[in-house]
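Listed here are the chains, written in short residue letters.
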Amino acid sequence: MKGGTQGLKGSQVSLLLIWLVCASVLAFAWTKTTTLTSFIPNQSFVDQVDTERGASVSLFEERKESEQLVYLPNNLMKVEAHLTREEAQNWSSSQGNKELPSSLEAKVPEILRGKTKLKQAESEKEKRTKSLDVSEGPRSRNISADIVSKDCNYAKGKWIYDDSRPLYSGFGCKQWLSTMWACRLTQRTDFEYEKLRWQPKDCTMENFSGTKFLERMRDKTLAFVGDSLGRQQFQSLMCMVTGGEDKLEIMDVGSDYGLVKAQGAARPDGWAYRFATTNTTILYRWSASLCDLEPINASNPSNGFAMHLDRPPVFLQQFLHKFDIIVLNTGHHWNRGKLNANKWIMYVGGVPNTNRRIADIGGAKNFTIHSIVKWMDSQLSLYPNLNVFLRSISPRHFFNGEWNTGGTCDNTTPLSGGKEIVKDESSDPVASSAVKGTRVKLLDITGLSELRDEGHISRYSIKASPGVQDCLHWCLPGIPDTWNEILFAQL
């Protein structure tokens, strides 16, 4: 048999040469023509720059049966350089799985597991862009980030007028609101203070709605434990949730928590109400000092009470397992006059206190607040679904004297002393230092309330009789409503 081209006929040789020439021309045209090269599968990363946020989003493009785009985190912009073609193919074939192949896990640990269509990618970008429209100026990028941040400093901001306020009528809410705090029922004639709303500086605060609150608190219990300012916050929330309307379907469940009126008492030590539609309970328990009070002589309580500064109130110890949200407050009962009048004697470690630093009223208050916060923090491991807030102190506005020496708060012009809080630090250093390093949260209302001296009860009363001015408690509707709005935003 003859080998090589010697065995081919002339016509066969001609056809072979023609085929080789055509193949060469086609190959040359393939490399020079963009129309043809577009059919080559592209496995590169496409960098898209989001100019509004100053952040880059990487897109991995894989053409198989249809074009698909997958978001990649910012720090994977250069992953392509570290993937071989085989690894890229493994990545493509694994997109329908929940886990990446083990060979890729070390190289691209941050790649998103899943597939996102091009329209979905564009939709997400559009959402991010829209979030920037809520603010103006060079701070817009930071403000946008803060809007979705859970670490908003709600205590930093300003008061603004809002015609949609108040959230309930001061003439109503008679089912929950004490008449002594319902300034609409007094001889007071100026109510401009009801039209102010607090606006945090670098974030938005969700609008309060009774329906949203009850749904968020479905099958949960919120407990206010503190002094009469805590009672005001409790009544404020009941009015806000009901819109100030009587609700006959709300059940009085005070007996479930031992909140019943004792024989000879003017009122019970607290109140508890349950909204049957969502099984939501809101209660208040009086505890002016946030420590355990125990009769020194059980058979004769008139001898005085041991004020155990290092023990939580028995009520909290007994019912803690029933609570989901706790709001604690104390402050204005920490003065020598009230302690002497109530016959409260400071105890530490089960015996009368001998520490001079604690014996000072300020030292005793500081010690007690740190003690209750430390105890609550220790309980959160046992009750992981429990959220605890320490509300900072509500400011007083007595001018030209104290409550019993002619002090007054006659100003009726809102924001005459300023409208904005610009500092990051709390105006209540005792409360802020107590929660630092714990899981107890600070409900910081001191600074924003300090700007509202016109919102107190002042000289007004139901009987319109002259007497001591109340520059401690607030008119309702009023400032405590804002405290609850900030609380709601953090639930």
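These remarks concern the structure in this document. Note that the structure is a prediction, hence the values are computed from the model and not measured.

Details of unusual backbone geometry
Turning to step 1, where the next piece is worked out: Each neighbour pair has its own omega, and for arginine 165 with proline 166 the value is 5°, a cis peptide bond.
Turning to step 2, where the next piece is worked out: Secondary-structure assignment places proline 166 in the loop between strand 4 (157–161) and strand 5 (196–200).
Turning to step 3, where the next piece is worked out: At the junction of leucine 476 and proline 477, the peptide bond is cis and its omega measures out at 0° in the coordinates.
Turning to step 4, where the next piece is worked out: Relative to the assigned elements, proline 477 resides in the loop between strand 19 (470–474) and helix 15 (479–489).
Turning to step 5, where the next piece is worked out: Here asparagine 279, not a glycine, exhibits a phi torsion of approximately 55°, which is positive.

Some remarks on a nonpolar patch on the surface
Turning to step 1, where the next piece is worked out: A cluster of nonpolar side chains, contributed by Phe171, Leu185 and Ile462, occupies part of the molecular surface with about 260 Å² of accessible area.
Turning to step 2, where the next piece is worked out: Relative to the helices and strands, isoleucine 462 resides in the loop between strand 18 (456–458) and strand 19.
Turning to step 3, where the next piece is worked out: Given a relative accessible area of 44%, isoleucine 462 falls into the partly exposed group.

Quick look at the sheet that holds strand 16 (residues 420–421)
Turning to step 1, where the next piece is worked out: Within the open sheet, the three strands sit side by side as 5-4-16. Their pairing is antiparallel. The sheet terminates laterally at strand 5 and strand 16, the two strands that pair on one side only.
Turning to step 2, where the next piece is worked out: In this sheet, strand 16 lies alongside strand 4 in antiparallel orientation, the contact comprising two bridges. Bridged to glycine 157 within strand 16 is isoleucine 421.

Re helix 15
Turning to step 1, where the next piece is worked out: Counting buried residues along helix 15, eleven of its eleven residues qualify, which places the element largely inside the surrounding structure.
Turning to step 2, where the next piece is worked out: What helix 15 keeps buried is the set Ile479, Pro480, Asp481, Thr482, Trp483, Asn484, Glu485, Ile486, Leu487, Phe488 and Ala489.

Thoughts on the environment of serine 299
Turning to step 1, where the next piece is worked out: Along the chain, serine 299 falls in the loop between strand 10 (292–295) and strand 11 (305–308).
Turning to step 2, where the next piece is worked out: At a separation of 2.6 Å, a polar atom in the side chain of serine 299 contacts the side chain of asparagine 297.

Notes on the environment of asparagine 404
Turning to step 1, where the next piece is worked out: Mapped onto the secondary structure, asparagine 404 falls in the loop between strand 15 (387–391) and strand 16.
Turning to step 2, where the next piece is worked out: Overall, asparagine 404 belongs to the exposed group, its relative accessible area being 51%.
Turning to step 3, where the next piece is worked out: In sequence terms asparagine 404 and valine 468 are 64 residues apart; their C-alpha atoms lie 6.9 Å from each other.

Procedures and definitions
Residues numbered from 1 in each chain as written. Predicted model: local features only at pLDDT ≥ 70, side-chain atom pairs only at ≥ 80, totals over all residues. Heavy atoms only, no water. Helix = DSSP H or I, 4+ residues; strand = E, 2+ residues; numbered from the N terminus. Patch = residues over 30% accessible without salt bridge, like charges linked within 9 Å, V, L, I, M, F, W, Y side chains within 5 Å. Areas by Shrake-Rupley, 256 points an atom, 1.4 Å probe, with all protein chains shown as cover. Salt bridge = Lys/Arg side-chain N within 4 Å of Asp/Glu carboxyl O. Buried < 20%, exposed > 50% of the residue type's maximum accessible area, 1.4 Å probe, protein only. Pairing = 2+ DSSP bridges. Polar contact = N/O pair within 3.5 Å; in protein donor to acceptor, adjacent residues only side chain to side chain.

By themselves, these observations are geometric and do not establish any function.
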